Amino acid sequence: MKKEKQVDRPAATGPSAVNVTLRRFELSDVEAMMAWASDPQVAAFCRWDPYESTAPLLAYLRDTVLPHPWFRAICLPGDGENGRPVGAISVMPAGDPKRAELGYVLARAHWGKGVATAAVKRTVATVFSEVPGLERVEALVDVANPASQRVLEKAGFTREAVLRKYCFIKGKVKDRVMFSFIDTDPLVE
């Protein structure tokens, strides 16, 4: 028997929890995006190289991010009406309509503070109700990125496997760890 989907629960609770909001990006967010998009340490595990100027980042924001159906700014409270983005999170359709891939990036100033975990929790708490037919969210993480693996584990994702020689990024063949969260998994408080 299939469990009902759980939706619209807060991303974090309790006195030490990090509160984040997720919102659509705006063109005016380009300067905030440069904080992480130009940082070589942030880009190290990403498919893209650090941006050197706002012009190509603005084009990416306009042509890819804004029309994307589920690409959100990760914002912290107290930083303007809409919140200044400190990172990004997306859910990209995969090979079939039941499956999507999660991706996220966070400005280095916010690493290790629970912000990414809170954003992932908020995403899985809402995305199944917002994307019709979605049953599985996957995340592929570089085996050399244990911090990102911990984010997913703390958010309730299941580590499934190491995919050896899975992709070619920045001139190197990379192994990836596959994580998943399905629509019947319990949300983590």
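Quantities reported herein were computed from a predicted structural model and do not represent experimental measurements. (Residues numbered from 1 in each chain as written. Predicted model: local features only at pLDDT ≥ 70, side-chain atom pairs only at ≥ 80, totals over all residues. Heavy atoms only, no water.)

A. Here's a closer look at the layout of surface pockets. Approximately 1200 Å³ is the volume attributed to the largest pocket. In terms of lining, the largest pocket is formed by 46 residues, of which the most central are Cys46, Gly103, Tyr104, Val105 and Ser148. Split into classes, the residues belonging to the lining of the largest pocket amount to 29 nonpolar, 10 polar and seven charged. Its volume calculated, the second largest pocket comes out at about 190 Å³. Contributing to the lining of the second largest pocket are 14 residues, with Pro69, Val91, Pro93, Ala100 and Val131 lying nearest its centre. Elements represented by at least two residues in the lining of the second largest pocket include exactly β3 (85–93) and β4 (99–106). Of the residues belonging to the lining of the second largest pocket, the class tally is 11 nonpolar, no polar and three charged. (1 Å grid on protein atoms, 1.4 Å probe; cavity = no way out; pocket = protein on both sides within 12 Å on 5 of 7 lines; lining within 4 Å. Points joined across faces, edges and corners; volume = space filled by probe spheres on them. Nonpolar A, V, L, I, M, F, W, Y, C, P; charged D, E, K, R; others polar. Helix = DSSP H or I, 4+ residues; strand = E, 2+ residues; numbered from the N terminus.)

B. Looking closely at the nonpolar core. Leu102, Val120, Leu152 and Phe157 are the most contacted members of the largest nonpolar core, which totals 30 residues. Elements that contribute at least two residues to this core include exactly β3, β4, α4 (115–130), β5 (136–142), α5 (146–154) and β7 (172–182). Looking at this core element by element, the count peaks at nine residues for α4. Non-local contacts of Phe157, meaning those with residues more than four positions away in its chain, are made with Leu102, Val120, Val124, Val137, Ala139, Leu152, Phe179, Ser180 and Phe181. By size, the runner-up hydrophobic cluster in this structure holds 18 residues, among which are Phe25, Met33, Leu57 and Leu61. (Core = buried A, V, L, I, M, F, W, Y, C linked by side-chain atoms within 4.5 Å. Buried < 20%, exposed > 50% of the residue type's maximum accessible area, 1.4 Å probe, protein only. Contact = heavy atoms within 4.5 Å.)

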